[in-house]
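# Examination of the molecular architecture
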Amino acid sequence: MMFKFLKLFKILYKLKINLSDLPKSENLILDSSTGIYYKKFFPKTTFILNTRYEELYFKIFILAFFKWLKSGGKTLNQIYILNVIDEVNPKNIITFTDYNPFFLSIKKFFKEKKIILIQHHARSYNTLKTMLDNKKIYNLDKKFIIDTALIWGKHYKKYYSQFLNTKFVVTGSFKNYIVEDKKIKENKKSVIYISQYRKNPAKDIYGRSVEEISNFRKKLLENLWLFCKDKKLKFKILSNYINDESEKQYFKTLLNQKKFGFIEKKHLFGSYESAQKYKYFFSESSSLGLELYGIGKYICSIRLPSFDKRLFLNDIDYKSFKEDYFSTKLQGTFWSYTPEKKEVYRVLNFIINSKKKEVLKSYKRYFDPYIKKKDNKSPKFYLNRLGVFSSLKL
């Protein structure tokens, strides 16, 4: 009991507490950390639930706390979330978080409400492994029930079908509609490397050391820099963090202080805004790289290979899902698994010097299954069809 009161004190200390009553709303977005990207697509009255205690509705939290004291099955956070949803009483619950078993199981607590899942990131063997493991840990023998899942591309049906019972709608990435298109001439005199720098990198799921990964990236960057120098192009790095000097220093070290352009991310949507200006991009395995294809950019990729058999061992259920074009073959027209100079030059020459028809043919085969290209059907079009805007007559 003392442990639970200590936890209460830690949560309330230095926390933004809201003493007002919860508003009623027809739509509730579950989790602000991802929902903040998309709020412009929803009615202004949509309620965004802060599930990580960024803001706390005090009355609801205290009620949740005393329920938790008597509960043995749910966490305090889970009870608080259920209480908030019950009080807001939405018709639609929307989440962009597809890896949280509790979020995905929300239908069993609110059977009459419509649950909508919207894909936020590209998905991988790593995330699939996590979900399949979670099902085993929590003894979840049945699939999660979601009314509708809006996904980037048709191939992701094979990913989500392994743990969801849902109706799929292919929409492409909603984030591609956040920044308005600007009629500007694309810069074709630069190659933009998409940073995947992490301040606290997660342990490599395939057991590769930090040194091995760092050496791979160092060689890759050096050969990218050489290509740009040889072809009289500018080499630039598109930052991952907002106004973070450590990221720039990281790349300066890897490139032995060689000169390069550093495109700083000024705000949440800075990467998407900056990307509009350029044509050619280099990605290791970022979601942003896939999304940029969705708005007509030319992408090539070199990264360390995935070892799906090592990851899944005897679990063969995953095999219907292919992580990306690397799962088809290790080398292709615009991708490779080695940072050697020959391969770096080859993939870059393909996207820069090949005929447009050739490039698009290759992209259509290997990119299109994973992401639908941006068109005139905005996120509001799909949300309207799902009844998110109450004025729509279905």
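As a starting point, this report considers the structure included with it. Just so you know, these numbers come straight off a predicted model, no measurement behind them.

Basis of the calculations
Residues numbered from 1 in each chain as written. Predicted model: local features only at pLDDT ≥ 70, side-chain atom pairs only at ≥ 80, totals over all residues. Heavy atoms only, no water. Pairing = 2+ DSSP bridges. Helix = DSSP H or I, 4+ residues; strand = E, 2+ residues; numbered from the N terminus. Axes fitted to C-alpha atoms, helices over the stretch in contact; angles between N-to-C directions. Contact = heavy atoms within 4.5 Å. Phe/Tyr/Trp six-rings, centres within 6.5 Å; stacked < 30°, edge-to-face > 60°. Buried < 20%, exposed > 50% of the residue type's maximum accessible area, 1.4 Å probe, protein only. Lys NZ or Arg CZ within 6 Å of the ring centre and 35° of its normal. Right-handed = clockwise from strand over helix to strand, strands pointing away.

## Here we look at the sheet that holds strand 3 (residues 47-49)
The six strands lie next to each other as 3-2-5-6-7-8, forming an open sheet whose pairing is parallel. If you trace the sheet from one side to the other, it starts and ends with strand 3 and strand 8 (164-170), each paired once. Pairwise comparison of adjacent strand axes, ignoring direction, gives a mean angle of 25° for this sheet. As judged from the four bridges shared by strand 2 (residues 27-30) and strand 5 (residues 92-95), these two strands associate in the parallel manner. Bridge pairing in strand 5 places Ile 29 opposite Ile 94. In the packing of helix 4 (residues 76-88) onto the sheet, contacts are made with strand 2, strand 3 and strand 5, and the angle to strand 3 comes to roughly 170°.

## Comments concerning the packing of aromatic side chains
What the rule picks out here adds up to 39 aromatic pairs. Judged by centre distance (4.8 Å) and plane angle (70°), the rings of Phe 334 and Trp 335 are edge-to-face. Judged by its relative accessible area of 0%, Phe 334 falls in the buried class. Here the aromatic residues Tyr 280, Tyr 293, Tyr 298, Tyr 325, Phe 326, Phe 334, Trp 335, Tyr 363, Tyr 366 and Phe 367 are joined through ring pairs into a cluster of three or more. Its end group placed over the ring of Tyr 241, Lys 199 keeps NZ or CZ at 4.9 Å from the ring centre. When the ring centre of Phe 326 is taken as reference, the NZ or CZ atom of Arg 303 above it lies at 4.1 Å.

## Describing the sheet that holds strand 10 (residues 234-242)
Ordered by their spatial adjacency, six strands build an open sheet running 11-10-9-12-13-14, and the pairing between neighbours is parallel. Because the sheet does not close on itself, it has two edges, and the strands there are strand 11 (261-265) and strand 14 (335-336). In this structure, strand 10 lies alongside strand 11, joined through four bridges in parallel fashion. Its bridge partner lying in strand 11, Leu 238 is registered against Ile 263. Packing of helix 9 (residues 245-254) onto the sheet brings it into contact with strand 9 (187-194), strand 10 and strand 11, and relative to strand 10 it is tilted by some 145°.

## Describing unusual backbone geometry
Positive phi is not limited to glycine here, since Asp 31 has a value of about 100°. Within the secondary structure layout, Asp 31 lies in the loop between strand 2 and helix 2 (32-35). By relative accessible area, Asp 31 is classed as buried at 1%. Although it is not a glycine, Asn 256 adopts a positive phi angle of roughly 50°. Considering the arrangement of structural elements, one finds Asn 256 in the loop between helix 9 and strand 11.

## Examining the pairing of strand 12 (residues 278-283)
Summarising burial for strand 12: six of the six residues are buried, a large majority. Pairing geometry for strand 9 and strand 12, over four bridges, is parallel. Of the residues in strand 12, the one forming a bridge with Asn 187 is Tyr 278. Relative to strand 13 (residues 298-302), strand 12 runs parallel, the two being bridged by four bridges. Looking at strand 13, one finds that Phe 281 is bridged to Ile 299. Taking the sense of rotation as the criterion, the β-α-β connection linking strand 12, helix 11 (residues 287-293) and strand 13 turns out right-handed.

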